Amino acid sequence: MTNREIVVSGIRPTGDVHLGNYFGAIANFIKMQHEYNCYFFIADYHALTTHPDAKELPIFVRDALSIYLACGLDPDQCTLYIQSHLPQIPELYLLFNMLAYKGELEKIPTFKEKVRSQEALGKSINAGLLTYPVLMCVDIIIHRAQKVPVGKDQESHLEITRTFANRFNYMTGSSFFPEPYGFSYGNTLLRVPSLDNSGKMSKSEGNPSASIFLKDEDKTIRQKIMRATSDSGPTVPNQTKPDAIANLFDLLRLVSSPDTVAHFDEQYNQCTIRYGDLKKQLAEDMVRCVAPLRERYQAIAADTNYLRRVVQEGGEKARISANATLQGAKELIGLSYF
Ligand code: ADP
Ligand code: TRP
């Protein structure tokens, strides 16, 4: 275990976990737990940057934890914890806020997007939103991780994480923090599209009928897929796929067999495809993928004692690692007197 590379990732408890979270992040976690020294957590502080009313947090935290376990995360194979159970995180975050410049934070694309969406909802922008990437950087380097399994939307956060880690190393004349990189077994980081061709599937933003949630019943999944945006055509053989159709094929590639994908690809290229048939197949393959996860989730979410034990034990393990990093960083900065 000790020689294994270190992995960290988390999801925000801001709503129901969807197929984007599953394929972009969790599916990689499941495999990585057997090959790396993995820390997976629930980013409850992060949720407060856009959802400052914490009333719903207990439900979403319990849900996210139950989904992690239902998908196959094994507390004996990885360390599972809740971000706010590690007091070392806010302490290192404070120190890293001194290394982060206001101008560079304001330029990060995800900050600009979040400002737009918060303002569209008439919500104010808190300072935590601006320093979100500092907190995310600390989540990662608190265990001195090298690999971070995330979706494509997190690329800019990883880039700034490397900048902060390198800046710390430069300022302290050390090589204390490794440079963490995004990771996916598929090599490129994934972006699972929404069903209405309006962007990516998402928990907290956008149209809930455009995302497939792991809690969705079979009937709901079928309805959502049958209503997914499609297009007319094709009218010419081997035509480039319009975005809405390319999205349906992207989804098909995630849940269907290569033969099924090849079959519909061929029909598309020969202009004989019927999108209704493609959607029916896609819906059935999604139901096959989601139903067992949903059923396991329901059983696990009802077992409060088990959930509590998992995060208590995971928190203990994570605090040991976080503490070693924090003490090392403080010494390098010069914060060690007497
Ligand atoms: P959301 O954006 O739905 O609120 P989070 O911000 O909590 O979800 O993201 C948790 C993980 O899921 C991150 O690694 C993120 O990159 C990944 N993720 C979220 N949406 C998608 C998507 N549509 N496609 C691929 N990965 C995604
Ligand atoms: N920012 C990530 C998201 O919105 C969630 C997250 C917070 C995270 N801290 C992290 C992901 C550390 C990976 C590692 O999806």
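Here's what I pulled together on the structure shown here. This is a predicted model, so every value here is computed, not measured.

**Things to note about the site of ligand 1**
- Residues in contact with ligand 1 amount to 20 residues; listed here are only the nearest, His-18, Asp-153, Val-192, Lys-200 and Lys-203.
- Gly-20 places a main-chain nitrogen or oxygen 3.2 Å from a nitrogen atom of ligand 1.
- Within the backbone of Met-201, an N or O atom sits 3.0 Å from a nitrogen atom of ligand 1.
- Expressed as a share of its isolated accessible area of 530 Å², the protein-covered part of ligand 1 is 96%.
- Here the shell around ligand 1 takes four residues from helix 1 (residues 19-32), the largest share from any one element.
- Across the shell around ligand 1, the residue classes tally to six nonpolar, nine polar and five charged.

**Focus on the nonpolar core**
- Core analysis: the biggest nonpolar cluster contains 64 residues, and Ile-26, Ile-212, Leu-214 and Met-286 have the highest contact counts within it.
- The element that contributes the greatest number of residues to this core is helix 13 (residues 275-301), accounting for twelve residues.
- Looking at this core, you find at least three residues from each of domain 1 (6-184 + 303-333) and domain 2 (208-297).
- Every residue in contact with Leu-214, bar those within four places of it in the chain, is listed here: Val-17, His-18, Leu-19, Tyr-22, Ile-67, Cys-71, Val-290, Leu-293 and Arg-294.
- By size, the runner-up hydrophobic cluster in this structure holds 44 residues, among which are Ile-6, Ile-160, Phe-176 and Leu-189.

**Some details on empty space enclosed by the protein**
- Taken as a whole and assessed by the stated rule, the structure comprises two cavities of 30 Å³ or more.
- The volume enclosed by the largest cavity comes to roughly 60 Å³.
- Ile-108, Thr-110, Phe-111, Lys-114, Leu-129, Tyr-132, Pro-133 and His-157 together form the lining of the largest cavity.
- Breaking the lining of the largest cavity down by element, the ones donating at least two residues are helix 6 (109-120) and helix 8 (132-141).
- Per element, the largest residue contribution to the lining of the largest cavity is three residues, and it comes from helix 6.
- Of the residues belonging to the lining of the largest cavity, the class tally is five nonpolar, two polar and one charged.
- Of the residues in the lining of the second largest cavity, the class split is four nonpolar, four polar and one charged.

**Overview of the site of ligand 2**
- By nearness alone, 13 residues border ligand 2, and His-46, Tyr-132, Met-136, Asp-139 and Gln-154 come closest of all.
- Take Tyr-132: an N or O atom from its side chain is 2.7 Å from a nitrogen atom of ligand 2.
- Expressed as a share of its isolated accessible area of 370 Å², the protein-covered part of ligand 2 is 92%.
- Here ligand 2 is seated within the largest pocket.
- When residues of the shell around ligand 2 are traced back to their parent elements, those giving at least two are strand 1 (6-11) and helix 8.
- Looking at which element gives the most residues to the shell around ligand 2, the answer is helix 8, with four residues.

**A word on the layout of surface pockets**
- Quantified by volume, the largest pocket comes out at close to 1,200 Å³.
- Secondary structure elements with two or more residues in the lining of the largest pocket: strand 1, helix 1, helix 6, helix 8 and helix 9 (155-172).
- With six residues, the single largest contributor to the lining of the largest pocket is helix 6.
- When grouped by side-chain class, the residues that make up the lining of the largest pocket number 15 nonpolar, 21 polar and twelve charged.
- Contributing to the lining of the second largest pocket are 16 residues, with Ile-6, Asn-37, Tyr-39, His-143 and Ser-321 lying nearest its centre.
- Among the elements that make up the lining of the second largest pocket, the one with the highest residue count is helix 14 (residues 304-333) (four residues).
- Taken together, the residues that form the lining of the second largest pocket break down as seven nonpolar, six polar and three charged.

Conventions adopted
- Residues numbered from 1 in each chain as written.
- Chains lettered and ligands numbered in written order.
- Predicted model: local features only at pLDDT ≥ 70, side-chain atom pairs only at ≥ 80, totals over all residues.
- Heavy atoms only, no water.
- Near = heavy atom within 4 Å.
- Polar contact = N/O pair within 3.5 Å; in protein donor to acceptor, adjacent residues only side chain to side chain.
- Areas by Shrake-Rupley, 256 points an atom, 1.4 Å probe, with all protein chains shown as cover.
- Helix = DSSP H or I, 4+ residues; strand = E, 2+ residues; numbered from the N terminus.
- Nonpolar A, V, L, I, M, F, W, Y, C, P; charged D, E, K, R; others polar.
- Core = buried A, V, L, I, M, F, W, Y, C linked by side-chain atoms within 4.5 Å.
- Buried < 20%, exposed > 50% of the residue type's maximum accessible area, 1.4 Å probe, protein only.
- Domains from an automatic or database assignment.
- Contact = heavy atoms within 4.5 Å.
- 1 Å grid on protein atoms, 1.4 Å probe; cavity = no way out; pocket = protein on both sides within 12 Å on 5 of 7 lines; lining within 4 Å.
- Points joined across faces, edges and corners; volume = space filled by probe spheres on them.
- Sits in = over half its atoms within 2 Å of the grid points.

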